[in-house]
Amino acid sequence: MRPQKAQKIDLNGEYPCPCRRRGRLIPIALTDAFGCNRCQQIFVVNESGDTIEQISTHYSYKPAWRWTGKQWYRTYSNWKAHYLLIAVVMILVPLVIWLPLALHSPGSNIIIWALVAVLLAMLPALMVWLAYRR
């Protein structure tokens, strides 16, 4: 099911916290921001008024959500659209370098070298997946 169209966020309204189910986003006076009464996170409304960004975060990127009138949906930045391409490149580059070296090495078993190459290619892909699985 596709998410509904984003709605404008009322700066005077209260919303459920996108991080935790029980928290409530309460407007912070004289700002375009909301604070959660449960997790103590601060969220800023963007210029278009339909998404919020978490500003007090330890991530290298700012998580953002858009409001549909009933619930929050996570929005992703442009670099995440290229995540599959990055993962494929991280797998193929070691294979392209390692496999020819393994094929030209004298007296070695090609199956063992191929397995080592696949395992080495999976390591960076696993690291990227673990880092960005949220």
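This report concerns the structure included in the present document.

Cut-offs used in this document
Residues numbered from 1 in each chain as written. Predicted model: local features only at pLDDT ≥ 70, side-chain atom pairs only at ≥ 80, totals over all residues. Heavy atoms only, no water. Helix = DSSP H or I, 4+ residues; strand = E, 2+ residues; numbered from the N terminus. Buried < 20%, exposed > 50% of the residue type's maximum accessible area, 1.4 Å probe, protein only. Contact = heavy atoms within 4.5 Å. Areas by Shrake-Rupley, 256 points an atom, 1.4 Å probe, with all protein chains shown as cover. Patch = residues over 30% accessible without salt bridge, like charges linked within 9 Å, V, L, I, M, F, W, Y side chains within 5 Å. Salt bridge = Lys/Arg side-chain N within 4 Å of Asp/Glu carboxyl O. Core = buried A, V, L, I, M, F, W, Y, C linked by side-chain atoms within 4.5 Å. Phe/Tyr/Trp six-rings, centres within 6.5 Å; stacked < 30°, edge-to-face > 60°.

1. A short note on the overall build of the chain
If you tally the helices and strands in the chain, you get 2 helices and 7 strands. Listed by position from the N terminus, the elements making up the chain come as β-β-β-β-β-β-β-α-α. Out of the 134 residues in the chain, the part that is buried amounts to 26%. For the chain, the share of sequence-separated contacts (at least 6 apart) that also reach a separation of at least 24 residues comes to 33%. Split by element, the accessible area of the chain, about 9,800 Å² in all, is 63% carbon and sulfur.

2. Some words on a nonpolar patch on the surface
Judged by side-chain polarity, Leu85, Val89, Val93, Ile97 and Leu101 come together as a nonpolar surface patch covering roughly 480 Å² of accessible area. Mapped onto the fold, Leu101 is located in helix H1 (residues 83-104). On the basis of relative accessibility, which here comes to 60%, the residue Leu101 falls in the exposed class.

3. What to know about the nonpolar core
With 13 residues, the main nonpolar core has Ile9, Tyr15, Leu25, Phe43, Ile52 and Trp72 as its most contacted residues. Contributing elements (two or more residues each) for this core: strand E3 (33-36), strand E4 (42-45) and strand E6 (64-67). The residues touching Phe43, leaving out its near neighbours within four places in the chain, are Cys17, Pro18, Cys19, Leu25, Asp32, Ala33, Phe34, Cys36, Ile52, Glu53, Gln54 and Trp65.

4. Concerning the packing of aromatic side chains
Applying the stated criterion across every chain yields a total of 5 aromatic pairs. Ring centres of Phe43 and Trp65 lie 5.7 Å apart, and the angle between their planes is 70 degrees; this geometry places the pair in the edge-to-face category. Of this pair, Phe43 sits in strand E4 while Trp65 sits in strand E6, and the two are 22 residues apart along the sequence. For the pair Phe43 and Trp65, one class covers both residues: buried. By the ring-pair criterion, three or more aromatic residues cluster together here, those being Tyr15, Phe34, Trp67 and Trp72.

5. Quick notes on the pattern of salt bridges
With the rule as written, the count across this model stands at 1 salt bridge. The residue Glu14 makes a salt bridge to Arg24 at a minimum N-O spacing of 4.0 Å. Taken together, the residues span a long stretch of sequence, with Glu14 in the segment before strand E1 (15-16) and Arg24 in strand E2 (residues 24-27) at a distance of 10 residues. Its relative accessible area of 47% is what places Glu14 among the partly exposed residues.

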